[in-house]
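What follows is each chain in one-letter form.
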Amino acid sequence: YETPPAADAMNDRIVTRVVWLLALAFALACGAFALRIQMLGDATRSPTGAPTATSGDGEALWRTHCAGCHEPSEFTAGLQGAQRFAAFGELLRKLDRHGNLALREDFEVIQWLASQPAAPAETSSQDEEDDFRL
């Protein structure tokens, strides 16, 4: 049994319309998602411009929020070397996920950490024996 040429053309039009409708639905869903993220994305974070009870210099913020679990030497070496910009970005991401400070306060803590003297790098015996390091 062979279908007439008119039926094939009709099937092609139906398939084409369905594909275009699915593409349009996908595009509208992407737009709605982007709009929702834009409108509600910052609602869960605290406003960075609002002063908090702990606002102040970086050292006071460090002592209040970080000093109980961390030493400044954990972070100072990376903030003063050639890779300081990458270390700054990584530390900012860590503070964003880990701490409860506003962005402005995160910057103050990082600025204070960058002003601290770097701890000497510790070398292990394994590093000394490795002939293939760059």
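Let me begin by describing the structure that accompanies this report. (Residues numbered from 1 in each chain as written. Predicted model: local features only at pLDDT ≥ 70, side-chain atom pairs only at ≥ 80, totals over all residues. Heavy atoms only, no water.)

## Focus: the overall build of the chain
Step number 1: Summing up its helical and strand segments, the chain has 6 helices and 0 strands in all.
Step number 2: Partitioning the contacts of the chain with sequence separation of at least 6, the portion at a separation of at least 24 is 64%.
Step number 3: Accessible surface computed for the chain: about 10,800 Å², of which carbon and sulfur atoms make up 61%. (Helix = DSSP H or I, 4+ residues; strand = E, 2+ residues; numbered from the N terminus. Contact = heavy atoms within 4.5 Å. Areas by Shrake-Rupley, 256 points an atom, 1.4 Å probe, with all protein chains shown as cover.)

## Looking at the nonpolar core
Step number 1: Counting residues in hydrophobic clusters, the biggest one holds 13 residues, and the most contacted among them are Trp 62, Phe 75, Leu 79, Leu 91, Val 109, Ile 110 and Leu 113.
Step number 2: In terms of residues, this core owes the most to one element, helix α5 (residues 103-115), which gives 4 residues. (Core = buried A, V, L, I, M, F, W, Y, C linked by side-chain atoms within 4.5 Å. Buried < 20%, exposed > 50% of the residue type's maximum accessible area, 1.4 Å probe, protein only.)

## Focus: the side chain of Glu 105
Step number 1: Here Glu 105 shows up in helix α5.
Step number 2: Within the local environment of Glu 105, its side chain forms a polar contact with the backbone nitrogen of Ala 102, the two atoms lying 3.0 Å apart. (Polar contact = N/O pair within 3.5 Å; in protein donor to acceptor, adjacent residues only side chain to side chain.)

## What about the layout of surface pockets?
Step number 1: Quantified by volume, the largest pocket comes out at close to 230 Å³.
Step number 2: In terms of lining residues, the largest pocket is bounded by 14 residues, among which Cys 66, His 70, Leu 95, His 98 and Gly 99 are the most central.
Step number 3: Contributing elements (two or more residues each) for the lining of the largest pocket: α2 (58-65) and α4 (84-98).
Step number 4: A total of 4 residues in the lining of the largest pocket trace back to one element, the largest contributor, which is α4.
Step number 5: Taken together, the residues of the lining of the largest pocket sort by class into 8 nonpolar, 5 polar and 1 charged. (1 Å grid on protein atoms, 1.4 Å probe; cavity = no way out; pocket = protein on both sides within 12 Å on 5 of 7 lines; lining within 4 Å. Points joined across faces, edges and corners; volume = space filled by probe spheres on them. Nonpolar A, V, L, I, M, F, W, Y, C, P; charged D, E, K, R; others polar.)

## Quick word on the pattern of salt bridges
Step number 1: Counted by the stated rule, this structure contains 3 salt bridges.
Step number 2: Put simply, Arg 63 and Glu 59 hold a salt bridge, and the shortest N to O gap is 2.6 Å. With Arg 63 and Glu 59 both in helix α2 and 4 residues apart, this pair spans about one turn of that helix.
Step number 3: You can call Arg 63 exposed: its relative accessible area is 57%.
Step number 4: Taking relative accessible area as the criterion, Glu 59 reaches 29% and is therefore assigned partly exposed.
Step number 5: Residue Glu 108 is joined to Arg 104 by a salt bridge in which the shortest nitrogen-to-oxygen separation is 3.8 Å. Pair noted here: Glu 108 and Arg 104 are both in helix α5, with a separation of 4 residues, about one helical turn.
Step number 6: Arg 104 gets classed as partly exposed once you look at its relative accessible area, which sits at 30%. (Salt bridge = Lys/Arg side-chain N within 4 Å of Asp/Glu carboxyl O.)

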